[in-house]
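Results of the structural survey
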Amino acid sequence: MSGETPAIGGYAVDARDGRIGEVMGREGGYVQLRPVGGGREWDCPPGELGEAAPGDVLRERVRRLNREARLP
């Protein structure tokens with residue numbers, strides 16, 4: 001991500017596995033990400049962050065809504 005960490009509330013891609021997350025904070029040298037739409041946070045080294053395109057974030061939101069709509 002050109003050496004900069006996204007702002008809290010922004011979105012980033014964890015390059016290790018391709019997950020997109022909302023930046024929740026920084027702790028102990030890691031960036032804390034939460035899945036789009038909520039869920040359990042995970043830690044990502046800043047050097048493994050990539051830029052999340054707006055279309056990719058929207059796609060994740062739609063996936064989550066579709067998944068929730070299918071729950072009984």
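The text that follows walks through the structure, step by step, so that each part is easy to find. In this text, all values refer to a predicted model and were calculated from it rather than measured experimentally.

**A word on the packing of aromatic side chains**
Here the structure, examined in full by the defined rule, presents zero aromatic pairs. Taking the ring centre of Trp-42 as reference, the NZ or CZ of Arg-19 above it sits at 3.9 Å.

**Thoughts on the environment of Glu-51**
Within the secondary structure, Glu-51 sits in strand E5 (residues 49–51). Each C-alpha atom, one on Glu-51 and one on Arg-67, is 25 Å from the other, the two residues being 16 residues apart in sequence.

**A word on the environment of Arg-67**
With respect to the helices and strands, the residue Arg-67 is situated in helix H1 (residues 54–70). The spacing of Arg-67 and Arg-19 is 48 residues in sequence and 16 Å in space, taken between C-alpha atoms.

**Regarding the pattern of salt bridges**
Scanning all chains against the criterion turns up six salt bridges. Between Asp-56 and Arg-59 there is a salt bridge, with the nearest N and O atoms lying 2.6 Å from each other. Residue Asp-56 and its partner Arg-59 are located together in helix H1, separated by three residues, close to a single helical turn. Between Arg-64 and Glu-68 there is a salt bridge, with the nearest N and O atoms lying 3.1 Å from each other. Taken together, the positions of Arg-64 and Glu-68, both in helix H1 and four residues apart, correspond to about one turn of that helix. By relative accessible area, which is 23% here, Arg-64 ends up partly exposed.

Parameters at a glance
Residues numbered from 1 in each chain as written. Predicted model: local features only at pLDDT ≥ 70, side-chain atom pairs only at ≥ 80, totals over all residues. Heavy atoms only, no water. Phe/Tyr/Trp six-rings, centres within 6.5 Å; stacked < 30°, edge-to-face > 60°. Lys NZ or Arg CZ within 6 Å of the ring centre and 35° of its normal. Helix = DSSP H or I, 4+ residues; strand = E, 2+ residues; numbered from the N terminus. Salt bridge = Lys/Arg side-chain N within 4 Å of Asp/Glu carboxyl O. Buried < 20%, exposed > 50% of the residue type's maximum accessible area, 1.4 Å probe, protein only.

Honestly, it's all geometry; don't read function into it.
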